[in-house]
Amino acid sequence: MKRRFSSRGALALLLLGVTAAGIRAQTLPGGLDSAGADSGQEIRAQLTPRHYTTLSSEMAARIDRMATRVGERFRKGDVLVAFDCAVQKAQLAHAQAVLTQAEKTFVINQRLMQLKSTGQLELDIAAAEVEKAKADRLAAEAAVAKCTIIAPFDGIAVDQKAREFQYTNAGQPLLDILDDHGLEVELIAPSRWLAWLKPGMAFKVEIHETEKSYAAQVVRLSGRVDPVSQTIKVIGEITQTAPELMAGMSGRAVIKPPSGP
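Reading the values: the criteria
Residues numbered from 1 in each chain as written. Predicted model: local features only at pLDDT ≥ 70, side-chain atom pairs only at ≥ 80, totals over all residues. Heavy atoms only, no water. Pairing = 2+ DSSP bridges. Helix = DSSP H or I, 4+ residues; strand = E, 2+ residues; numbered from the N terminus. Axes fitted to C-alpha atoms, helices over the stretch in contact; angles between N-to-C directions. Parallel < 35°, antiparallel > 145°, perpendicular 65-115°, else oblique. Left-handed = near helix turned anticlockwise from the far one by under 90°. Nonpolar A, V, L, I, M, F, W, Y, C, P; charged D, E, K, R; others polar. Buried < 20%, exposed > 50% of the residue type's maximum accessible area, 1.4 Å probe, protein only. Contact = heavy atoms within 4.5 Å. pLDDT = per-residue confidence, 0-100.

Let's shift gears to the sheet that holds strand 6 (residues 148–150). A sheet is described by the order of its strands in space; here four strands give the open sequence 6-5-3-8, paired in antiparallel fashion. Across the chains shown, the open sheet's two edge strands, defined by having one partner strand only, are strand 6 and strand 8 (167–168). Judged from the three bridges that link them, strand 5 (residues 79–83) and strand 6 form a sheet pairing that is antiparallel. For Ala82, the partnering residue across the bridge sits in strand 6 and is Thr148.

Right, let's get into the packing of helix 3 (residues 86–114) against helix 4 (residues 120–145). When two helices pack together, you describe them by how their axes are tilted relative to each other and by the distance separating the axes. For the pair helix 3 and helix 4, interaxial distance at closest approach is 8 Å and the crossing angle is 160 degrees. Taken together, the axes of helix 3 and helix 4 lie roughly antiparallel to each other. Crossing angle aside, the handedness with which helix 3 passes helix 4 is left-handed. A class-by-class count of the residues in the contact of helix 3 with helix 4 yields 15 nonpolar, seven polar and eight charged.

On to the environment of Gln88, then. Its place among the elements puts Gln88 in helix 3. Classification of Gln88 as buried rests on a relative accessible area of 16%. Counting along the chain gives 53 residues from Gln88 to Glu141, while the straight-line C-alpha distance between them is 8.4 Å. Not counting the four nearest positions on each side in its chain, Gln88 is found in contact with Met59, Ala143, Val144 and Cys147.

Per-residue confidence for the protein chain averages 84 on the pLDDT scale, and 84% of its residues sit at or above 70. The model gives residues 1–7 a pLDDT under 50, and that stretch makes zero contacts with residues more than four places away or in other chains. The low-confidence segment residues 9–40, where pLDDT is below 50, has 35 contacts with residues more than four positions distant or belonging to other chains.

Have a look at this one:
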């Protein structure tokens, strides 16, 4: 009888030990166990571009030329997309002609005013016509400026959403571009790391696609802690030359807390 009780007692103690071990092994936010969080070891990392955007059409027009294709590089200021703008250019020429006429009329009225052959009212009206014509020309120039989409930064095209000779509407996405030379490292760290994780701290990033390790440092911390997961977004940057890296690559960041005094 005592032996049976001892076996049951041993089983209960074994189950209690497994439960306690399971509680101790529960992972903290960021996918780390309690020991990993205390030593500040590994969290998932992803490379993101510092500059990226989707270029959209600012007008309803037909695409005349797509100057860049997916995978092609460009420089800041290059023309990436050109539209058919015959109507807009004609309107600009008309606005310029009206302005020229208004300016000549104003000059004539100035001379007549000097000869006292016209009144101040006529001169003021002529001056107002000049200003009106200038405003119309500026509007026409703004419309013509939308006939081309200029690269806002050096980069590469990653997705083309429209084709040449396609008619587009205002606001329609045309091209996804990014700056692949300015990559950042995005991390999601446990919020308890805020006690020691600061901008300027050095760490290592191991990228799966290249199977290499790179030196990096923390640049900035997000201004908000996620109250549900108790995590915070951390932004870092690669501090060494690595032309083989591309946006979207992922891996793990190894961050060690500063040693105590």
